[in-house]
Amino acid sequence: MRKFKSFDEFNELKDRLIADQAPYIPTIIIPAGTCGQASGANDLIRITKREILARELTDHIRVRITGCHGFCEMEPSILVEPYRTFYPNVVTDDMVRIVKAVAKGEVLKDLLFKNPETGEPIEKQDDIPFYKKQVRTLLSKNEKVDPIRIFNYIVIGGYTGMVNVLEKGDPKKVVEEVKASRLRGRGGAGFPTGLKWELLANARNGKDKFIVCNADEGDPGAYMDRSLLEGNPHSIIEGMTIGAYGTGAKEGYIYVRNEYPLAIKHLVIALRQAREIGFLGKNILGTDFSFDINLVRGAGAFVCGEETALMRSIEGKMGEPRQRPPFPVEKGIYGSPTIINNVETWTNIPMIIVDGAEKFVKVGQKNNTGTKIFSLVGKIKNTGLVEVPMGITIKEIVYDIGGGPVNNSKFKAVQTGGPSGGCIPAEMFDLQIDYDSLKEIGSIMGSGGMIVMDEHTCMIDIAKYFMTFLKDESCGKCFTCRKGTQRMYEILDDISKGQGTIEKLDLLEELAHVVQDSTMCGLGQSTSNPVLSTLKYFRDEYEKHIKQKQCDAFACKELIGTPCASACPLGTKAWRYIAHIERGEYEDAYCVIREANPFPSVCARVCNHPCEDRCRAGTSGGQSVAIRALKRFITDRIDPEIYKPERIDKAGKNSSKIAIIGSGPAGLTAAHYLSLKSYNITVFEAGQSPGGMLLYAIPEYRLPHNVIQKEIKSLLDENITLKFNTALGKEISIDGLFDDGYSAVFLAIGAHKSRRLNIEGEDVAGVYPSIQFLKSFNTEGESLARGDVGVIGGGNSAIDAARMAIRQDGVKSVTIFYRRSRQEMPALEEEIEAAVTEGIEIRILLTPIKIASKENHVIGIECIRNKLGEIDSSGRRKPVQMPGTEHYISLDTLIVAISEGSDTDCISMASSSRIETTGRDTVKVDPHTLCTNREGVFAGGDVVSGPNTVIDAIADGKKAATIIDRYIKGEDLVQPVLPRIPEVYIEASKAAKEQVEMGDRAKIPRLLAEQRKHNFSEVEVSMSEVEATQEARRCLRCDLEFTLPKGNEAKKIAIGENVV
Amino acid sequence: MITLNINGANVSVEKGTTILEALRFIGFPIPTLCFVEGLTPYGACRLCVVEIGEGSSSKLVSSCTYPVEEGLKVRTASKRVIKTRKMIIELLLASCPQSKTIQDLASQYGVHQQRFKQEYEDCILCGLCVRMCEEQMMAKAIGFYGRGENRKIGTPFGIPSEVCRLCGGCMYICPACQLRCTFNQPEKAICGACANLSPPCLDKEQFDDMMCYMDPCVACEIKKD
């Protein structure tokens, strides 16, 4: 390369390079930063080159290998200029097709990015939602530049800023321009860059001055500096040269961590090129300005990102911060005045000089100008680097650019600023991000890491993770930082293991404040942030861990044990019965199920299986084990008689009388467990047969009535008396029960009252509340539906009603109307699918506004279309009605299934029962003890929770039995909760141990739609033995972590001895 | 001369002095563990923290390393300072309960319990021995290695130092007493000089027989629990 000795030579070359450009020749751009290479960009490069050579396309296609473009989720990707066609996740086989298509000027529609909402392919990169809202002033250059070719950078206007500055010859102007841009340091603290430069320019202590580029990016989850170093190293060199000219520095340092090999490689090449061409070194471009840059590789200590530690590290000493003052600008490297700026800050400089400060301040806020790159990572759809103007809200970043949460989960918080930063809870996502607002709420901008967390992230776990990082990465000089982080970790670790106390929590907070206050450097002062900010916004989560030993995110292993057992409201040890099934021990499996659940056959059919939702085989990226189907397999083939519950013998003492009102799952469960303790129980039922909501609300094709009856029969014994046709408020009253000598009353009357739509014309014939519709058929066999049936609602009850309707005679069609989108339907996914297979139509984003009737009978509804609007507090998009889209749909029957409440008239304060109720037509109870406002009266099931699942009702009944027993014995009602840790070791069978590959989740056998559509035979059928064994083998056996014998016991097992 | 305000009184001191020097010169008692006259201030133990500045911009700094500034407002016994110092002592006590220096400090500041898990460490990493060795003995035989919780003091590569003159200066200056007393394991000893001296502090196993100057003795109380 020829060395430039004057400005003219540079301008001449630049003009020539620009003239040589041939923008009409298509260019294949392959991003190959570290991230791209890791996901296979190198293969794409090889194939592209080979194809171009083989097809002799060298004059027709150009290839540019660049740094990272930012959309990491889609790596390796291809961008084709000039039309900017974007191909995401390109596999090697497709690369050949892309090269052919580019040669012909075609676009491959099938490989394009698909709009996640509509499924439409999007051709241009700039139209993709991820890119659309960004302002990519810095990152867009990564696409245009091959980082190892300096001419590439010159063509897009690179080094022009430096040449302009040198030509003008006024260093003061440079500092003035940067000051006017109000650029703030991108390293995290946000100190005004111009001011810093001015201080250095004015510093005189007789020594040479230094400028430093801080590229020691060590925050977990942050990599924006890396992408700039790898993708556009010349912009940093240019920025630093301009800075050196403005401040009078003679030498510069780039301090980059050794963990960035590609960045170092590109920097070394760029520095060599810049020296060869004469942009660095003595007498740059023939002027008397001399400046050179040294590359210093850091050994990977996080603390070396702190400026005083970084300077010591450059000097060759141990990376340890020191007291400021004196500030680096007074006394820096080797005692010389020094300034340190972050990579991103330096990259902004050429742009400010070329375009002018005036243009720069137009982006962003008043005191927070320009753009900021964030690395958006964590539980979000589109991970990657995003460059946004300062002052954008978190909501815009995570929803519009980030694409929202993964798997329909709910956002919980965003963590900014790396380990020293803080958490921002989802309620504050309207916050505009800039240096000041973040500081105000207890976080920091940091270098720009943004970790998104959803409901599956435990805040204690997060705080603990960062504290592990910090206790290792603290330099250890200040006693409070070194010991403080260790002690904070210790307390957090105790809490996550269920050994925390409230006193320790207070100690943690006290210690965190002291550490924040008393350490020397920025790292030490911010080590408390993860603790303090999570405590500030998620204190209840800490308390839940301490008091209830519960981790709602299922992250703290020692509290959760196995996720399946922890997720089950009854604590059913699914892992245990699955292990028995795998070994072929079906009777043992049945006993495990029955021990926890008095309604195993019912739950095997209709449970909403929270265990499967939390199953690690599913949450770790695969498919969860079909636990409910396995339960069905067992309950279908084992005689319930083999299980003999433990009874406390009647010693004459426990003859207290207990009244249970309602014979649904909650009531009967309570009756069963109280009977085992030899109480005298009377169950009062308003109807004519026991079963409650099981009988009324669940259609027979899901739960045959004989299954319910069989199960109930097995629970009844001589301690339990059933009284039918006895309703509270009519035949009995609470006062009357106490007068009759009952010691306690358990209210479990369910939720039988459907909520109303509250629209015009609701009271005409042919409009039925879903409960009434289901009940009429289930108890009296009366078919209410006919003709074209409409169902309003999106919950399980709506699906039940719709599937029931399609089975009734005289029904032509069934349509479900739901106001939100399909993904937001609360009904179980498998139920929705089954409904669709049976020919039920689901129409989304529709709200009924009026019911039309003729001769007092419904003839149709008027609907209005909705669109999805802003995100509401539940994290879902609000349905917004679109005026002008009203339309009429004719119907013969309309079923309203929007929600249910209890008939609280007979229990409310106004009645003789005098029980306090809530505004939602439910009974108010203490959630820990199920106590109502009346002494001796307890309540559980749907009457407390509103319409809920069977398993929750059973759990309430079981809890009520324990509580009532304690109440009668005069014991403390609240008992300490213990984590459900597995304690029994069940060895996996030999076959299971040998099987390495995990198959797909078993398909649950169902009758074909044609066979089942018009009758009430049960849809789901039992698995075969082979299927069940295979499915049980898919279990990851989370229990073994706790139960696998260690030491001598393990040896015994290894040699085949039995361990008792 | 530079004028600063200490606890409400204006004081003039020479330029270049640290806050700690100024405070001690005037007679304010400031506890320190890692500061000894004649060695470079290091700022590791944080016991000498004072509050400087006013209102929302006030902060705590280690007085041993902070140079005096014109008009600086210093408070040596504000609530914030005392609270912090007590917590530091509690942390020290939780780690090195057998050091008499630390026991005395605890007694002086009324710290009668520590709420963390009790540890029995030998070293608080104040770095006095390192500075003694380097600055007064001109030996540079020992130094820090590792970081965070793995930070330790030792010779390069853990082999007995050739430049060590067995002067014992490191032991003399140690506030935690036990630091260098590894004479009974010569292969682990840094210099072995302690073999010639009577140990300045007793082995922690014989903790109960230890002569104690405190009443009540915090360490004994902890041990009893």
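Predicted model only: the values in this text are computed from it and were never measured. (Residues numbered from 1 in each chain as written. Chains lettered and ligands numbered in written order. Predicted model: local features only at pLDDT ≥ 70, side-chain atom pairs only at ≥ 80, totals over all residues.)

**Points about the overall build of chain B**
Operational definition: Strands are runs of DSSP state E lasting at least 2 residues, helices are runs of H or I lasting at least 4, and numbering of each runs from the N terminus. Counting other C-beta atoms within 10 Å of a residue's C-beta gives its exposure: the residue is buried at 20 or more, exposed at 12 or fewer, and partly exposed in between, where C-beta atoms are placed from the backbone. Any two residues are considered in contact once their C-beta atoms, placed from the backbone, lie within 7 Å.
Tallying secondary structure elements over chain B gives six helices and seven strands in all. N-terminal to C-terminal, the α/β element order of chain B is β-β-α-β-β-β-α-α-α-β-β-α-α. Buried residues in chain B amount to 37% of all 225 residues. Looking at chain B alone, contacts between residues at least 24 apart form 57% of all its contacts between residues at least 6 apart.

**A closer look at unusual backbone geometry**
All names here are of chain A. For the peptide bond that leads from E75 to P76, omega is -10°, which places it in the cis range. Within the secondary structure, P76 sits in the loop between β2 (62-66) and β3 (78-81). Cis geometry marks the peptide bond from R324 to P325, where omega comes out at -5°. Structurally, P325 is set in the loop between α14 (307-314) and β10 (338-342).

**Some points on the sheet that holds strand β29 (residues 893-896) of chain A**
Residue and element names in this part refer to chain A. This is how it is decided: At least two DSSP bridges between two strands are required for those strands to pair. Note on geometry: axes are lines fitted to C-alpha atoms, helical ones only across the stretch in contact, with angles between N-to-C directions running from 0 to 180 degrees.
On the basis of which strands lie adjacent, the open sheet formed by five strands has the order β21-β29-β22-β23-β24 and parallel pairing. Looking at which strands have only one partner, the edges of the open sheet turn out to be β21 (767-769) and β24 (841-843). Looking at each pair of strands side by side, their axes are set apart by 25° on average, direction ignored. Looking at chain direction, strand β22 (residues 787-792) and β29 are connected through four bridges and run parallel. Across the sheet, the residue bridging to V791 is I895, located in β29. Taken strand by strand, helix α37 (residues 796-806) contacts β22, β23 (811-817) and β29, and its axis lies near 170° from that of β23.

**What about the domain arrangement of chain A?**
Here is the rule: Bear in mind that the domain bounds are from an automatic or database domain assignment.
Taken domain by domain, chain A consists of domain 1 (24-81 + 85-123), domain 2 (150-360), domain 3 (371-548), domain 4 (563-644 + 982-1043), domain 5 (657-752 + 902-969) and domain 6 (756-898). When each unit is reduced to the centre of its C-alpha atoms, the spacing between domain 1 of chain A and domain 4 of chain A is 45 Å.

**Here we look at the sheet that holds strand β1 (residues 2-6) of chain B**
Backbone hydrogen bonds are what pair the strands of a sheet, in a parallel or an antiparallel way. Residues and elements named next belong to chain B. Across the sheet, five strands lie side by side as β2-β1-β5-β3-β4; this open sheet has mixed pairing. Strand pairing shows two members of the sheet lacking a second neighbour, β2 (9-13) and β4 (59-62), which therefore form its edges. Averaged over all adjacent pairs, the angle separating strand axes in this sheet is 40°, with direction ignored. As defined by bridge partners, β1 adjoins strand β5 (residues 73-75) across two bridges and the pair is classed as parallel. Counterpart to I6 in the pairing with β5 is V74. Lying over the sheet, helix α2 (residues 79-95) contacts β3 (49-52), β4 and β5, oriented at roughly 155° with respect to β3.

**Quick notes on the interface of chain A and chain B**
Short version of the rule: When residues are grouped by polarity, Ala, Val, Leu, Ile, Met, Phe, Trp, Tyr, Cys and Pro land in nonpolar, Asp, Glu, Lys and Arg in charged, and all others, Gly among them, in polar.
If you look at the interface, chain A gives 28 residues, while chain B gives 26 residues. Of all the secondary-structure elements, those providing two or more residues to the side of chain A that touches chain B are α19 (459-473), α20 (479-496) and α21 (502-518) of chain A. Top contributing element to the side of chain A that touches chain B by residue count: α20(A), with eight residues. Of the residues belonging to the side of chain A that touches chain B, the class tally is eleven nonpolar, seven polar and ten charged.

**Side note on the domain arrangement of chain B**
Residues and elements named next belong to chain B. For chain B, the assigned domains read domain 1 (2-77) and domain 2 (128-196). Taken together, the contacts link seven residues of domain 1 with seven residues of domain 2. Within the side of domain 1 that touches domain 2, the residues separate by chemical class into five nonpolar, two polar and no charged.

**Looking at helix α36 (residues 770-780) of chain A**
Residues and elements named next belong to chain A. This is how the line gets drawn: By arc we mean the arc of the directions from the helix axis to the C-beta atoms, nothing more.
Here α36 has its buried residues at S770, I771, F773, L774, F777 and N778. Looking down the long axis of α36, one finds its buried residues gathered within 165° of arc, a one-sided arrangement. Looking one or two residues past α36, G781 carries a phi angle of roughly 70°, positive in sign.

**Comments concerning the confidence of the model for chain B**
Residue and element names in this part refer to chain B. Short version of the rule: Residue-level confidence of the predictor is what pLDDT reports, using numbers from 0 through 100.
On average, residues of chain B carry a pLDDT of 80, and 78% of them reach 70 or more. Within chain B, helix α6 (residues 218-224) has the poorest average pLDDT of any element, 49, and β3 the best, 96. Note on residues 188-204: pLDDT under 50 across the span, and 37 contacts to partners over four residues away in sequence or across chains. Segment residues 206-220: pLDDT under 50, and 20 contacts once partners within four positions in sequence are set aside and those in other chains are kept.

**A closer look at the pairing of strand β8 (residues 251-257) of chain A**
All names here are of chain A. Put simply, the rule reads: Seen with its strands pointing away from the viewer, a crossover is right-handed if its path from the first strand over the helix to the second goes clockwise.
Among the seven residues that make up β8, six are buried, leaving the element largely enclosed by the rest of the structure. Two elements, strand β7 (residues 210-215) and β8, share six bridges in a ladder whose sense is parallel. Bridging across to β8, A215 finds its partner in V256. The pairing of β8 with strand β9 (residues 292-298) spans seven bridges and is classified as parallel. The partner of G252 across the bridge, within β9, is I293. Following the chain from β8 across helix α13 (residues 261-277) to the adjacent parallel β9, one finds a crossover that is right-handed.

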